[in-house]
Amino acid sequence: MSLLILILAVSAACCLGFGFVLQQNAAQKAPLNDFLSPRILLDLMKVPRWLGGIGLMVVGMALGAMALGQGEISLVEPLLATNLLFALALSRRQTKQPLGRQGWTGLVLLAGGVTAFIIAGQPHGGAAPSGPFRQWLIIGVMIGAALLLTAYAKRSRLRAGPALLATAAGLLYGVQDALTRLTGQRFAEGGMAEVLSSWQPYAVVALGLTGLILVQSAFETASLRMSLPALTAAQPLAGILCGVGFLGDRLRADSGALAWEAAGLAAIVVGIIMLGTHSAMPCGVKQPQPRAAVAAVPAR
């Protein structure tokens, strides 16, 4: 792994982590009738803190795209998952909570899992599978799963809904990262004319906007403890699947390497959950009381 890829990916993770915290700080005050509506973006555009979070997110995505242009998605995605470390650092400053045993254990698991996966798997490029069938199959499964999660989230809303929406957004962002890499390859082959004549860049924009609505709806209805771990865990897993499935990424496949790769991914997910549910993360938002309850309160 080159130093440039490491710097780009970790810088992207830093911007994404800080951006997510600022977005959630603002989105938790958005009207609940904006849930899963593009109107939520219009309302949040009036909030400077949210705009700052989006600005950081855009910078993070640009740095991530540059990292994807230099290295395999199976290498970059685990590094991007460290955005939770930076989100926790900013949240800890806001909540004044110590890391404690849970925080340090989660940190070690996340960092160790990323290191183990990269060292054991040694991600490298290879020839992409010929024919579009595998590509469309994997993308279709990812988008279909995201749609199912979103549909169920609309029913559960304030219970499991935020985690389901964040998971759906993570799947879409993983596909978006894969298509971003394909767009970069198109640009390298034929310049901007080749990019504009292909479908991938338009899909990148559509997936980005859809994922943004899902994420803001999750942030609006719950704390970072419920939404950010699911988002952070789903994105690298989806990205790695796309990379190995149709981008031509190669990982070591001997039994020892596979065992360490699986252990590394498991440690990443467990570390993400431990850090994401840490008490330093902002607690849940205060939801408005039902009208019946408000009407029952006697006037003074």
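Reading the values: the criteria
Residues numbered from 1 in each chain as written. Predicted model: local features only at pLDDT ≥ 70, side-chain atom pairs only at ≥ 80, totals over all residues. Heavy atoms only, no water. Helix = DSSP H or I, 4+ residues; strand = E, 2+ residues; numbered from the N terminus. Rg over C-alpha atoms; globule rule 2.2 N^0.38 Å. Contact = heavy atoms within 4.5 Å. Areas by Shrake-Rupley, 256 points an atom, 1.4 Å probe, with all protein chains shown as cover. Lys, Arg positive; Asp, Glu negative; His and termini not counted. Charge placed at Lys NZ, Arg CZ, Asp CG, Glu CD. Expected span 1.5 Å × (residues − 1). Buried < 20%, exposed > 50% of the residue type's maximum accessible area, 1.4 Å probe, protein only. Axes fitted to C-alpha atoms, helices over the stretch in contact; angles between N-to-C directions. Parallel < 35°, antiparallel > 145°, perpendicular 65-115°, else oblique. Left-handed = near helix turned anticlockwise from the far one by under 90°. Nonpolar A, V, L, I, M, F, W, Y, C, P; charged D, E, K, R; others polar. pLDDT = per-residue confidence, 0-100. Patch = residues over 30% accessible without salt bridge, like charges linked within 9 Å, V, L, I, M, F, W, Y side chains within 5 Å. Salt bridge = Lys/Arg side-chain N within 4 Å of Asp/Glu carboxyl O. Phe/Tyr/Trp six-rings, centres within 6.5 Å; stacked < 30°, edge-to-face > 60°. Core = buried A, V, L, I, M, F, W, Y, C linked by side-chain atoms within 4.5 Å.

(A) Representation of the overall build of the protein chain. When you go through the protein chain residue by residue, the secondary structure sums to twelve helices and zero strands. Each helix and strand of the protein chain, placed in order from N terminus to C terminus, yields the pattern α-α-α-α-α-α-α-α-α-α-α-α. At 20 Å, the protein chain has a C-alpha radius of gyration in line with the 19 Å of a compact globule built from 300 residues. Taken along the three principal axes of its C-alpha coordinates, the protein chain extends 75 × 45 × 30 Å. Within the protein chain, counting contacts between residues at least 6 apart in sequence, those at least 24 apart form 87% of the total. Roughly 14100 Å² of accessible area belongs to the protein chain as shown, and the carbon and sulfur atoms make up 68% of that amount. Charge centroids of the protein chain, computed over 21 positive and 11 negative side chains, lie 18 Å from each other.

(B) Focus on helix α6 (residues 100-121). A rise of 1.5 Å per residue sets the reference length of α6, with its 22 residues, at 32 Å; its end C-alpha atoms lie 31 Å apart and thus fit the reference within 8%. Of the residues making up α6, those classed as buried are G103, G106, L110, G113, V114, A116, F117, I118, A120 and G121. Against the buried residues of α6 lie α4 (73-80), α5 (83-95), α10 (224-247) and α11 (255-276). Positive backbone phi, approximately 45 degrees, marks Q122, located one or two places after α6.

(C) Broad picture of the packing of α5 against α11. Running from amino to carboxyl end, α5 crosses α11 at an angle of 15 degrees, the nearest separation of the two axes being 10 Å. One finds that α5 runs roughly parallel with respect to α11. Considering how the two elements wind past one another, α5 and α11 form a crossing that is left-handed. Contacts between α5 and α11 involve L84, L85 and L88 from the first element and I272, L275 and G276 from the second. For the contact of α5 with α11, the class distribution of residues is five nonpolar, one polar and no charged.

(D) Broad picture of the side chain of S74. Secondary-structure assignment places S74 in helix α4. When its relative accessible area of 0% is taken as the criterion, S74 is described as buried. Once you skip the residues sitting within four places of it in the chain, S74 turns out to touch F117, P123, I240, G243, V244, D249 and L251.

(E) Fine view of the confidence of the model for the protein chain. Taken as a whole, the protein chain shows an average pLDDT of 85; of its residues, 92% reach a score of 70 or greater. Confidence, read as mean pLDDT per element, is least for helix α12 (residues 291-296) in the protein chain (41) and greatest for helix α3 (residues 48-70) (92). Below pLDDT 50 for its whole length, residues 284-300 participates in twelve contacts with residues either more than four positions away or in separate chains.

(F) Seen up close, a nonpolar patch on the surface. A surface patch of nonpolar side chains, amounting to about 320 Å² of accessible area, comprises L3, L6, I7 and V10. Turning to its location among the elements, L6 is positioned in helix α1 (residues 3-27).

(G) Molecular detail of the packing of aromatic side chains. Counted by the stated rule, this structure contains three aromatic pairs. Here the aromatic rings of F18 and F86 are separated by 6.2 Å at their centres, their planes lie at 90 degrees, and the arrangement is edge-to-face. Here the residue F18 occupies a position in helix α1, and F86 occupies one in helix α5, the gap between them amounting to 68 residues. Judged by its relative accessible area of 28%, F18 is partly exposed. A relative accessible area of 22% means that F86 is categorised as partly exposed.

(H) Geometry of the packing of α4 against helix α8 (residues 161-196). It is at 11 Å that the axes of α4 and α8 come closest, and there the two elements cross at 135 degrees. With respect to each other, α4 and α8 are oriented oblique. Where α4 crosses over α8, the handedness of that crossing is right-handed. Contact residues: I73, E77 and L80 in α4; G174, D177, A178 and R181 in α8.

(I) Expanded view of the nonpolar core. Within the largest apolar cluster, 77 residues are counted, with the highest numbers of intra-cluster contacts made by L179, L228, L231 and F246. Among the elements that make up this core, the one with the highest residue count is α8 (twelve residues). When sequence neighbours within four positions are dropped, the list of residues in contact with L179 reads I139, W199, Q200, A203, V204 and L207.

(J) Local environment of the pattern of salt bridges. Tallied over the full model, the rule gives two salt bridges. The salt bridge partner of E194 is R186, with a shortest N-O separation of 3.0 Å. With a shortest N-O distance of 3.4 Å, D254 and R252 are connected by a salt bridge.

(K) Fine view of unusual backbone geometry. Phi at Q122 takes a positive value of approximately 45 degrees, unusual for a residue other than glycine. In this fold, Q122 is placed in the loop between α6 and α7 (133-156). Exposure remark for Q122: the relative accessible area of 44% places this residue in the partly exposed category.

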